[in-house]
Amino acid sequence: MNTIRRSRWQRVTERRASVSVEFALVSVFFLLPLLLLCWDGMFVLAERYQINTDLHDLYYFAWSNPSKATATASVTNFLTALNNHAIAPVTLPSGFQPSLSYDCLQSDGSTSPATQSAANSGTQLESCSTGTLETMATYQLTAIVNLPVPMPGFSGPVILNVGGTIRIE
């Protein structure tokens, strides 16, 4: 009777061992790539959060310094200060310069284009015959995220772009 119990016990332990080996194989081929893909995804999500935060900080910079809102050197220096602890540096896209646009805000909430006229010095002056003059700043930012674990189909750097326009005056 003891021999029958031992053989049953041996069969049960052999089954448990085979399940453990199968789980180890499954975890290597399915769970490990899933974990690595999640790691890459966290890097992309963290940088997406960073680039959106930098855009909002740039808006605050434009509100605080309307005269420097479109000065490329000032904006670049501001972004350099923000990039001290970033996953990937956030920069202005190649060839892009921040720009200003002008509208006339009407009392009903609509806008109309501002009128441009040349001053004696040759500069352009914007004015509104009706409504209030609005000054808008337009920005675009880009970041290139190198993934820590390149995966097939997701390899290579991920390029994130964000942009927007904000009223500064």
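As a starting point, this report considers the structure included with it. (Residues numbered from 1 in each chain as written. Predicted model: local features only at pLDDT ≥ 70, side-chain atom pairs only at ≥ 80, totals over all residues. Heavy atoms only, no water.)

Next up on the list: the pairing of strand S6 (residues 132-145). With 2 bridges connecting them, strand S1 (residues 90-91) and S6 associate as antiparallel partners. Directly across from threonine 91, in S6, lies its bridge partner threonine 142. In terms of strand pairing, strand S2 (residues 99-105) meets S6 through 7 bridges, oriented antiparallel. Its bridge partner being in S6, serine 99 is matched across the sheet by threonine 138. Looking at chain direction, S6 and strand S7 (residues 158-167) are connected through 10 bridges and run antiparallel. Its bridge partner being in S7, glutamine 140 is matched across the sheet by glycine 163. (Pairing = 2+ DSSP bridges. Helix = DSSP H or I, 4+ residues; strand = E, 2+ residues; numbered from the N terminus.)

This paragraph deals with the nonpolar core. Ranked by size, the top nonpolar core spans 22 residues in total, and within it Ile51, Val75, Tyr139 and Leu141 carry the most contacts. When contributions to this core are tallied by element, the ones reaching two or more residues are helix H1 (2-64), helix H2 (72-82), S6 and S7. With 6 residues, H1 is the single largest residue contributor to this core. (Core = buried A, V, L, I, M, F, W, Y, C linked by side-chain atoms within 4.5 Å. Buried < 20%, exposed > 50% of the residue type's maximum accessible area, 1.4 Å probe, protein only.)

All right, on to the side chain of glutamine 106 then. Take glutamine 106: it is sitting in the loop between S2 and strand S3 (111-113). A distance of 3.5 Å separates the side chain of glutamine 106 from the backbone oxygen of cysteine 104, its partner in a polar contact. Setting aside anything within four residues of it in sequence, one finds glutamine 106 in contact with Ser112, Thr130 and Gly131. (Polar contact = N/O pair within 3.5 Å; in protein donor to acceptor, adjacent residues only side chain to side chain. Contact = heavy atoms within 4.5 Å.)

The next thing to look at is the side chain of glutamate 134. By the element assignment, glutamate 134 lies in strand S6. For glutamate 134, a relative accessible area of 7% puts it in the buried group. Dropping the residues within four chain positions of it, glutamate 134 is found in contact with Ser101, Tyr102, Asp103, Leu105, Thr111, Arg167 and Glu169.

Here proline 148 lies in the loop between S6 and S7. With 112 residues separating them in the primary sequence, proline 148 and leucine 36 have C-alpha atoms 8.9 Å apart.

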